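# Examination of the molecular architecture
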Amino acid sequence: QVKLVESGGGLVQAGGSLTLSCAASGFTFSRFAMCWFRQAPGKEREFVAAINWSGGTTDYPNSVKGRFTISRDNAKNLVYVQMDSLKPEDTAVYYCARSRNSGVTTTPIDMDYWGKGTLVTVSS
């Protein structure tokens, strides 16, 4: 069955960097776009980054553009998000999600599978 497992979360100081990984299994990874979302306590789930099936197209919201970089390794069934210049407002549980399509999509309703999340805490 489809499985997405995030790793790499932790505690980091403001201005620091962290790279999250998502290991995918149970499907043909290279056929699907992948996304990262986050959810802070008391807030709605928020789109963070998306990458199409080949890695040739990416998308980010303004809140992370220029600081976060999504990438994928189709040979290893992995998707990453490198997060630089982290801010306390980046604190959240970060989720990996599989898109229903091969192209970039950015809304939760367009995702059909989710990981369980990994917590990122940015201290000020």
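Description of the structure in this document. (Residues numbered from 1 in each chain as written. Predicted model: local features only at pLDDT ≥ 70, side-chain atom pairs only at ≥ 80, totals over all residues. Heavy atoms only, no water.)

Along the chain, the position of Y94 falls in strand β9 (residues 92-99). Remark: the alpha-carbon pair of Y94 and D84, spanning 10 residues in sequence, is separated by 15 Å. Dropping the residues within four chain positions of it, Y94 is found in contact with E6, L20, W36, F37, R38, V48, F68, M83, G117, T118 and V120. Polar side-chain contacts of Y94 include one of 2.6 Å to the backbone oxygen of D90. (Helix = DSSP H or I, 4+ residues; strand = E, 2+ residues; numbered from the N terminus. Contact = heavy atoms within 4.5 Å. Polar contact = N/O pair within 3.5 Å; in protein donor to acceptor, adjacent residues only side chain to side chain.)

With that settled, the discussion passes to the nonpolar core. Residues F27, M34, W36, F68, V79, M83 and Y94 are the most contacted members of the largest nonpolar core, which totals 29 residues. Contributions of two or more residues to this core are made by β3 (18-25), β4 (34-39), β5 (46-51), β7 (68-73), β8 (78-83), β9 and β11 (118-123). By residue number, the principal contributor to this core is β3, which donates 4 residues. Dropping the residues within four chain positions of it, V79 is found in contact with L20, S21, C22, F29, M34, W36, I51, I70, S71, R72 and C96. If you look at the next biggest cluster of nonpolar residues, it comprises 6 residues, including C35, F37, F47 and A50. (Core = buried A, V, L, I, M, F, W, Y, C linked by side-chain atoms within 4.5 Å. Buried < 20%, exposed > 50% of the residue type's maximum accessible area, 1.4 Å probe, protein only.)

Counting buried residues in β4 gives 5 out of 6 residues, a clear majority hidden from the surface. For β4 and β5, the ladder comprises 5 bridges, and the chain directions are antiparallel. Considered in β5, the bridge of F37 is made with F47. Here β4 hands over to β5 after 6 residues, with G42 in that stretch at a positive phi of 75°. One ladder, built from 6 bridges, connects β4 with β9; its direction is antiparallel. The partner of Q39 across the bridge, within β9, is V93. (Pairing = 2+ DSSP bridges.)

Here the focus is unusual backbone geometry. If you check the backbone angles, N77 has positive phi at about 55° while not being a glycine. In this structure, S85 takes a positive phi of about 50° despite not being glycine. By the element assignment, S85 lies in the loop between β8 and β9. Relative accessible area serves as the criterion here: at 42%, S85 is assigned to the partly exposed category.

Turning our attention to the side chain of R67. Within the secondary structure, R67 sits in the loop between β6 (58-59) and β7. Sequence-distant contacts of R67, that is, excluding residues within four places in its chain, are made with Q82, M83, D84, S85, L86, K87 and D90.

For the rest of this paragraph, the subject is the state of the cysteines. For the structure on display, the rule yields 1 disulfide. For C22, the disulfide goes to C96, at an S-S distance of 2.1 Å. Note on the C22 and C96 pair: the S-S dihedral is about -75°, so by sign convention the disulfide is left-handed. Here C96 lies in strand β9 and C22 lies in strand β3, a separation of 74 residues in the sequence. Residues C22 and C96 agree in their burial class; the two are buried. Distance from the sulfur of C35, which forms no disulfide, to the nearest cysteine sulfur (C96) is 8.7 Å. (Disulfide = S-S within 2.5 Å.)

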